[in-house]
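# Observations on the three-dimensional arrangement
The residues making up each chain are set out below.
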Amino acid sequence: MTTLRLDASKPDDIERAASLLREGKLVAIPTETVYGLAARIGDERAIEQIFQVKGRPHDNPLIVHCARIEDIERVATRIPPIAWRLFERFAPGPLTLILERAATVPAVVSAGLPTVAVRVPSPTVTCALIERVGEAVVAPSANRSGRPSPTTAEHVFEDLGGSIAAVLDAGRCSIGIESTVLNVVGTIAIVRPGVVTADDIAEVIGFQPPIVEASVQSQPIAPGMKYRHYAPATPVILIESLDEIPPEMYCDSVVLATKPIGQPWVARLLSHQTLYDEFRRADHEQRRAIYVLLTPDVRGDDALMNRLRKAAASAPTTDTHGSNQ
Ligand code: TXA
Ligand code: MG
């Protein structure tokens, strides 16, 4: 299949993306966080295809994207007042809430769980697209499972070109890492940190929700947390000091840092916006390692540390560079 590149600045292309989704095709859509791989919420066959083309395990549920806050009532039920207050403050935007799933939402969306994850993305073009589809869309990040999330249309083509109908290209995502996921059914807890922080949430609910870090062994609230994630093929190594880099690695590796570090390292800027792009770039350049300098600003950033820890914990998928041990 040829994957179409549609231009989000053209109304005709938005309409084309909407009609493909209505027909049951998969379309990658821009959001402020990362690109998502969308299907119509009522289309179980298309949703099944999402799992297939991503290589996603079936017990990892999807996020539902609504065009407007009031549409959340169509996909979730018994929504607590605290959820409305959070949506009033943070929607549209990068906050996903886990709510009770409405009976009309196919169980496959939530991998059979009684809950559903919902958010309202902020780009107007994304909301306009969802409105034209006529119902909410489900959309996990548009990467192959285990790969870094896509923050440009090129990243989506790299992973899924040839297996999906189209990519709606709106340029680079403004945030660059995935939404904060907050559980509000039962224990209130952040199950995936993002740019909406525990402090931000505390301003609305009056207390800081804990961040629940899960491991492969445990029974996590967000099933996605137990899987390998956000990992380039190049090994990611977290360091406290540049002295930890062996001199023989200076040329063949890359150092990500939030401030310039000078010679002799190949250094690149570390930020939410650049993280996944730099991971993919290191793979293209066949670097032997990605060193990430954990300065206090990085350590204090829960969202960034979460992605870095997961990437560093992952074994490289393939020994593409021949010399990795
Ligand atoms: O920023 C984002 O959230 C992006 C854009 C496209 O919206 N989407 C995204 O989706 O990152 P995905 O599928 O890559 O990650 C969704 C996370 C997974 O960790 C999943 O396990 C969790 O949310 N999740 C989804 N539904 C859930 C549910 N009902 N209960 C618990 N966790 C859920
Ligand atoms: Mg993902």
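Summary of the structure given here. This is a predicted model, so every value here is computed, not measured.

What follows is about the pattern of salt bridges. Applying the stated criterion across every chain, the model contains 29 salt bridges. Here Asp 169 ties to Arg 5 by a salt bridge, and the two come within 3.0 Å at their closest N and O atoms. Of the two residues, Asp 169 sits in strand β9 (residues 166-169) while Arg 5 sits in strand β1 (residues 4-7), which places them 164 residues apart along the sequence. In this structure, the salt-bridge partner of Glu 32 is Arg 119, at a minimum N-O distance of 2.9 Å. Here Arg 119 lies in strand β7 (residues 115-119) and Glu 32 lies in the loop between β2 (27-29) and β3 (36-40), a separation of 87 residues in the sequence. This pair shows no difference in class: Glu 32 is buried, exactly as Arg 119 is. Salt bridges here are not isolated pairs; linked through shared partners, they connect Arg 68, Glu 70, Asp 71, Arg 74 and Glu 131.

Moving on: the nonpolar core. If you look at soluble globular proteins, the nonpolar side chains tend to sit buried side by side. If you look at the biggest cluster of nonpolar residues, it comprises 72 residues, and the most contacted ones within it are Leu 86 and Leu 99. If sequence neighbours within four positions are ignored, Leu 99 has contacts with Ile 72, Ala 76, Ile 79, Pro 80, Ala 83, Phe 87, Pro 114, Thr 115, Val 116, Val 118, Val 184 and Val 185. If you look at the next biggest cluster of nonpolar residues, it comprises 20 residues, including Leu 275, Val 298, Ala 303 and Leu 304.

Turning next to helix α1 (residues 11-22). Side chains three or four residues apart in an α-helix point the same way, a direct result of the helix having 3.6 residues per turn. Spanning twelve residues, α1 covers 16 Å between terminal C-alpha atoms, matching the ideal 16 Å at 1.5 Å per step. On its buried side, α1 packs onto β1, β2, β3, α4 (124-133) and β9. Looking one or two places after α1, you find Gly 24, whose phi comes out positive at around 95°.

Counted by the stated rule, this structure contains two aromatic pairs. With a centroid separation of 5.6 Å and 65° between ring planes, the pair formed by Tyr 250 and Trp 265 is classed as edge-to-face. Placement of the pair is Tyr 250 in the loop between β12 (236-239) and β13 (254-257) and Trp 265 in the loop between β13 and β14 (267-269), with a sequence separation of 15 residues. Note on Tyr 250: relative accessible area 21%, which makes it partly exposed.

With that out of the way, let us pick up the sheet that holds β14. Reading across from one edge, β12-β15-β13-β14 is the order of the four strands in this open sheet, with parallel pairing throughout. Of all strands in the sheet, those bounded by a partner on one side alone are β12 and β14. On average, each strand axis in the sheet is inclined to that of its neighbour by 30°, with strand direction left out of account. Where β13 meets strand β15 (residues 290-293), three bridges bridge the pair, whose relative direction is parallel. Each bridged residue has a counterpart across the sheet, and for Val 254 the counterpart in β15 is Ile 290. Across the sheet, helix α7 (residues 275-284) lies against β12, β13, β14 and β15, angled at about 175° from β13, the strand it touches most.

Rules behind the numbers
Residue positions are given per chain, counted from 1 along the sequence in the order it is written. Chain letters start at A and ligand numbers start at 1, both assigned in the order the entries are written. In keeping with the predicted nature of the model, local features appear solely for residues at pLDDT of at least 70, side-chain atom pairs appear and are counted solely at 80 or more, and the whole-chain, interface and lining totals rest on all residues. Here the side-chain values reflect all heavy atoms present in the structure, with hydrogen atoms and water set aside. Throughout this description, the term salt bridge denotes a Lys or Arg side-chain nitrogen within 4 Å of a carboxyl oxygen of Asp or Glu. Runs of E in the DSSP output that reach at least two residues are strands. Runs of H or I that reach at least four are helices, and both are numbered from the N terminus. A 1.4 Å probe rolled over the protein chains alone gives each residue an accessible area, and that area as a share of the maximum for its type sets the label: buried under 20%, exposed over 50%, partly exposed in between. Here, the term nonpolar core denotes a set of buried Ala, Val, Leu, Ile, Met, Phe, Trp, Tyr and Cys residues that are joined through side-chain atoms within 4.5 Å. The contact rule is simple, with two residues in contact once any of their heavy atoms fall within 4.5 Å. To estimate the expected span of a helix, count its residues, drop one, and scale the result by 1.5 Å. Pairing of aromatic rings covers Phe, Tyr and Trp, the last counted by its six-membered ring, and requires centre-to-centre distances within 6.5 Å; plane angles under 30 degrees mean stacked, over 60 mean edge-to-face, and any other angle means tilted. If DSSP finds at least two bridges between two strands, the strands pair. The angle between two axes is taken between their N-to-C directions and runs from 0 to 180 degrees, where each axis is a line fitted to C-alpha atoms and a helix contributes only its stretch in contact.

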